[in-house]
Amino acid sequence: GQQVMQIPQYQHVQEGEDFTTYCNSSTTLSNIQWYKQRPGGHPVFLIQLVKSGEVKKQKRLTFQFGEAKKNSSLHITATQTTDVGTYFCAGQDGGSQGNLIFGKGTKLSVKP
Amino acid sequence: DTGVSQDPRHKITKRGQNVTFRCDPISEHNRLYWYRQTLGQGPEFLTYFQNEAQLEKSRLLSDRFSAERPKGSFSTLEIQRTEQGDSAMYLCASSFPGGQPQHFGDGTRLSIL
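In this report, we go over the structure that sits alongside the text.

Reading guide: rules and limits
Residues numbered from 1 in each chain as written. Chains lettered and ligands numbered in written order. Predicted model: local features only at pLDDT ≥ 70, side-chain atom pairs only at ≥ 80, totals over all residues. Heavy atoms only, no water. Helix = DSSP H or I, 4+ residues; strand = E, 2+ residues; numbered from the N terminus. Rg over C-alpha atoms; globule rule 2.2 N^0.38 Å. Buried < 20%, exposed > 50% of the residue type's maximum accessible area, 1.4 Å probe, protein only. Pairing = 2+ DSSP bridges. Axes fitted to C-alpha atoms, helices over the stretch in contact; angles between N-to-C directions. Contact = heavy atoms within 4.5 Å. Buried area = accessible area lost by both parts, 1.4 Å probe. Salt bridge = Lys/Arg side-chain N within 4 Å of Asp/Glu carboxyl O. Polar contact = N/O pair within 3.5 Å; in protein donor to acceptor, adjacent residues only side chain to side chain. Nonpolar A, V, L, I, M, F, W, Y, C, P; charged D, E, K, R; others polar.

1. Comments concerning the overall build of chain A
Within chain A, the regular secondary structure consists of 0 helices and 11 strands. The N-to-C order of helical and strand elements in chain A reads β-β-β-β-β-β-β-β-β-β-β. For 112 residues, the compact-globule estimate of 2.2 N^0.38 gives 13 Å, and chain A sits close to it at 13 Å. Viewed in the frame of its principal axes, chain A has a C-alpha envelope of about 45 × 30 × 20 Å.

This is the structure in structure tokens:
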């Protein structure tokens, strides 16, 4: 079945450093979504990418969808302590009709 | 709009007991999803509904798991004859159809003694 792999599993950075997490799917995706889960919280939707090669920005966050629609990345510029949490990518293939397959997430810690 | 609500927040039960969790989605959303999340893992898809129709249930973990959404509004997830391995956070989410962003509830944390 469809699998979504995400690396790294953990990332520790100094405040102000950049951070990137990468996501790879075993199958071509119709779209990919990114979620953030704070410690003790629930996943919160960040963004959805649909088009091949799409790049979207949200302030310090940059999201990319690969040309083959099988990989994606999230880059945070100049991390802040408020960025702490686990970032999940979640892929949806064309045949699934709705269910998302989540990666294992990248847990980001930021040292002030 | 109060978001997705789940009840109870925590459930502690003995092995072998049956448990039922409730999810109230965002009222405008006709899709409702159930996930399981264990420590250090991403949410694992279990099943989803569009209105009252259960469109995908092949990923339910065993025949001890079942879900209903009888009137197309709230949903329940039941686990029969609970086992130690069922201990996890059970998350509910809702959305508009067509691959739209999902809005998650706070989850029900299940602990099996």
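From this point, things continue past the structure.
2. Things to note about unusual backbone geometry
The amide bond that connects Ile7(A) to the next residue, Pro8(A), takes the cis arrangement and shows omega of -5°. Tracing the chain through its elements places Pro8(A) in the loop between strand E1 (4-7) and strand E2 (10-14). Residue Asp7(B) is joined to Pro8(B) through a cis peptide bond whose omega torsion reads -5°. Inspection of the secondary structure assignment puts Pro8(B) in the loop between strand E1 (5-7) and strand E2 (10-13). Positive phi, close to 55°, is recorded for Lys69(A), a residue that is not glycine. The phi angle at Ala78(A) is positive, at roughly 50°, despite the residue not being glycine. Looking at where Ala78(A) falls in the secondary structure, it is placed in the loop between strand E8 (71-76) and strand E9 (85-92).

3. Focus: the pairing of strand E5 (residues 44-50) of chain B
Where a strand is regular, its side chains alternate between the two sheet faces. All names here are of chain B. Among the 7 residues in E5, 5 count as buried, and that is most of the element. Between the antiparallel neighbours strand E4 (residues 31-37) and E5 lie 6 residues, among them Gly40 with a positive phi of about 80°. Where E5 and strand E6 (residues 53-56) come together, 3 bridges link them in antiparallel fashion. Opposite Gln50, over in E6, you have Ala53 as the bridge partner. Between E5 and E6, which pair antiparallel and follow one another directly, the connecting turn spans 2 residues, one of which, Asn51, has a positive phi of 55°.

4. Things to note about the sheet that holds strand E3 (residues 19-24) of chain B
All names here are of chain B. Here we have 4 strands laid out as an open sheet, ordered E1-E3-E8-E7, and antiparallel in their pairing. The open sheet has two free edges, formed respectively by E1 and strand E7 (65-68), since each of these has just one partner strand. Direction aside, neighbouring strands of the sheet carry axes that sit 15° apart on average. Note that E3 and strand E8 (residues 75-79) share 5 bridges and pair antiparallel. Across the sheet, residue Arg22 finds its bridge partner in E8, namely Thr76.

5. Some details on the interface of chain A and chain B
Across the contact, 20 residues belong to chain A and 20 residues belong to chain B. The junction of chain A with chain B conceals about 1,600 Å² of combined surface from both sides, 49% of it contributed by carbon and sulfur atoms. Taken together, chain A and chain B are joined by 0 salt bridges. Linking chain A with chain B are 4 residue pairs in polar contact (both at pLDDT 80 or more), by the criterion used here. Looking at the side of chain A that touches chain B, the elements that each hand over two or more residues are strand E4 (31-37), strand E5 (44-49), E9 and strand E10 (101-102) of chain A. The greatest single-element share of the side of chain A that touches chain B, amounting to 4 residues, is contributed by E4(A). Here the side of chain A that touches chain B is composed, by residue class, of 7 nonpolar, 12 polar and 1 charged.

Everything listed is a geometric property; what it means functionally is a separate question.
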